[in-house]
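Coordinate inspection notes
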Amino acid sequence: MELFVILLALGLLMFVAYRGFSVILFAPICALLAVVLIDPSHVLPFFSGVFMEKMVGFIKSYFPVFLLGAIFGKVVEMSGIAESIAKTIVGWLGAKRAILTIVLLGAILTYSGVSLFVAVFAIYPFAAQMFRQSNIPKRLIPGTIALGAFTFTMDALPGTPQIQNVIPTSFFKTNIYAAPTLGIIGAIFVFAMGMLYLEWRRKKAADAGEGYFGFDSENAAALEQAEAEKNVAVPNMSLEQSRAKQLLAFVPLILVGVTNKLFITLIPKWYPEGFDFAKIGLNAYTVDVSAVMAIWAVEMALVVGIITTLAYDWKRVKVNFKEGLNLSIAGALLATMNTGAEYGFGGVIAALPGFAKISDGISNTFTNPLVNGAVTTTTLAGITGSASGGMGIALSAMAEKYNAAIAAADIPPEVMHRVVSMASGGMDTLPHNGAVITLLAVTGLTHKQSYRDIFAVTVIKTVAVFVIIGIYSLFGLA
């Protein structure tokens, strides 16, 4: 019965998310429904003592990352940096390499700290124009953007400031550069297999005579679609810029990575013995510097990125600076509250008696802690439709157990960090995932038209996790 209740709560949350309802409301409803079915008298204590504690704890730790990331992404768009980088990539690869260009554009933006939700809006105008010029079916755009923005730069490449790579740092006392060799191998695997798949899909469509608007027999619908495309704000790709300006566009993005690495080195030197509030008479406050220094480093690096982006073209940014700033703040609040609500949901589920049975079942089935962590995380990410939410459920419930298991198996915590991070971005992009729904809405396509390619990328991401586990087991690379 307890196991059924948990599965019912998870299934209900997945259903309402798929139907487009906000998890901010329904995550606590689904969690407390599970509590009601087990013991109604526990509802109020679980709401205040478990759900809200977990949700607020997540927001306290990660809201600044969401906020600064959203602001950075918006000013990158408003300053023309995204446009300039797109033109530079086209100049390097040629206008005909549309799929590769869009994948690289998404990768550059997200690896530099631009939120993947923001990246979708920034990338789509370029994708629409390039796919139209190359006569590649529009239905392949979502899969292409997903490969560039939702995969290897989100959780595999060492140093990415995306939240999926930041969350494990506080549980395993690592930093975002954890297990660089495994991360790079995983990223190469995802990129290579993803590109092979997308190029195969493009070639298959070309051989069948399918173009951007579909087949010749669909001309009527194509004309209607073409008319709608006129309303899409597409930057002028033929506009010439100076080479110096194009190269400078990369500076803020590079600085985020460089300064993040610098701050990771400097912060331990600033606080070699941690920080004790009691020494300054504030006994009520505490902070574990070792658990938050990686988060501090990301936050400070994003501030540097924002300042240098504003300096890149302040005249252009200031035209709509207030509106853009307000939009990015609203987006950050929504993203944080969504993930925090899922984190609170996970805390309640993890506290229920039936969860121990699920945990024990996975542990007994997969005794290898890396495989255990990967299966648990990717399963929960798939059910909740959120990489960070699924990871939050897994780590909030089992982090101590994982740390003990890897210590007993002599596995570096950095390896566990990388495995869990990549696993969170495995099956998270099921149909009810918020990023998937946003991506399809922005491109004007449906699940029926384009989800097949997104799912293929999802499978590739999931396989990559077990590839790196195998490589570590065989060769001990980290």
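Thresholds, definitions, all that
- Residues numbered from 1 in each chain as written.
- Predicted model: local features only at pLDDT ≥ 70, side-chain atom pairs only at ≥ 80, totals over all residues.
- Heavy atoms only, no water.
- Helix = DSSP H or I, 4+ residues; strand = E, 2+ residues; numbered from the N terminus.
- Buried < 20%, exposed > 50% of the residue type's maximum accessible area, 1.4 Å probe, protein only.
- Polar contact = N/O pair within 3.5 Å; in protein donor to acceptor, adjacent residues only side chain to side chain.
- Contact = heavy atoms within 4.5 Å.
- UniProt positions renumbered as here; feature names shortened; annotations may be inferred.
- Expected span 1.5 Å × (residues − 1).
- Patch = residues over 30% accessible without salt bridge, like charges linked within 9 Å, V, L, I, M, F, W, Y side chains within 5 Å.
- Areas by Shrake-Rupley, 256 points an atom, 1.4 Å probe, with all protein chains shown as cover.
- Salt bridge = Lys/Arg side-chain N within 4 Å of Asp/Glu carboxyl O.

As recorded in an unreviewed UniProt entry, the protein goes by the name GntP family permease, listed as coming from Neobacillus piezotolerans.

Looking now at the side chain of Thr-458. Looking at the element boundaries, Thr-458 is found in helix H22 (residues 447-475). Here Thr-458 falls in the buried class, since its relative accessible area comes to 0%. A distance of 2.4 Å separates polar atoms of two side chains, one belonging to Thr-458 and the other to Thr-429. The contacts of Thr-458, once residues within four sequence positions are left out, are Gly-426, Met-427 and Thr-429.

Turning our attention to the UniProt feature "transmembrane region" (unreviewed entry) in the protein. Feature annotation in UniProt places "transmembrane region" (unreviewed entry) on residues 98-127, 139-157, 177-198, 247-271, 291-312 and 454-475, given in this structure's numbering. Secondary structure over residues 139-157 splits into 68% helix and 0% strand, and the C-alpha atoms at its two ends are 28 Å apart. Taken end to end, residues 454-475 is 100% helix and 0% strand, and its first and last C-alpha atoms sit 32 Å apart.

Right, let's talk about unusual backbone geometry for a bit. With a phi angle near 55°, Asn-135 is a residue other than glycine that sits in the positive phi range. For Asn-135, the location among the structural elements is in the loop between helix H6 (116-134) and helix H7 (141-149). Of note in this structure, Lys-173 is not a glycine but carries a positive phi near 55°. As for its position among the elements, Lys-173 is in the loop between helix H9 (163-172) and helix H10 (180-207).

Moving on to helix H20 (residues 413-424). For H20, which comprises 12 residues, the first-to-last C-alpha distance of 16 Å matches the rise-based estimate of 16 Å (1.5 Å per residue) to within 8%. Buried residues dominate H20, accounting for 10 of its 12 residues. Among the residues of H20, those classed as buried are Val-415, Met-416, His-417, Arg-418, Val-419, Val-420, Ser-421, Met-422, Ala-423 and Ser-424.

As a further point, take helix H2 (residues 23-38). Think of an α-helix as 3.6 residues a turn; residues three or four steps apart then line up on the same face. For H2, which comprises 16 residues, the first-to-last C-alpha distance of 22 Å matches the rise-based estimate of 22 Å (1.5 Å per residue) to within 8%. Of the positions making up H2, those classed as buried are Val-23, Ala-27, Pro-28, Cys-30, Ala-31, Leu-32, Ala-34 and Val-35.

To continue, consider a nonpolar patch on the surface. Judged by side-chain polarity, Met-1, Phe-4, Leu-8, Leu-12, Phe-15, Leu-33, Val-36 and Leu-37 come together as a nonpolar surface patch covering roughly 720 Å² of accessible area. Counting only elements with at least two residues in the nonpolar patch, the list comes to helix H1 (2-18) and H2. Element by element, the count of residues in the nonpolar patch is highest for H1, at 4 residues. Looking at where Phe-15 falls in the secondary structure, it is placed in helix H1.

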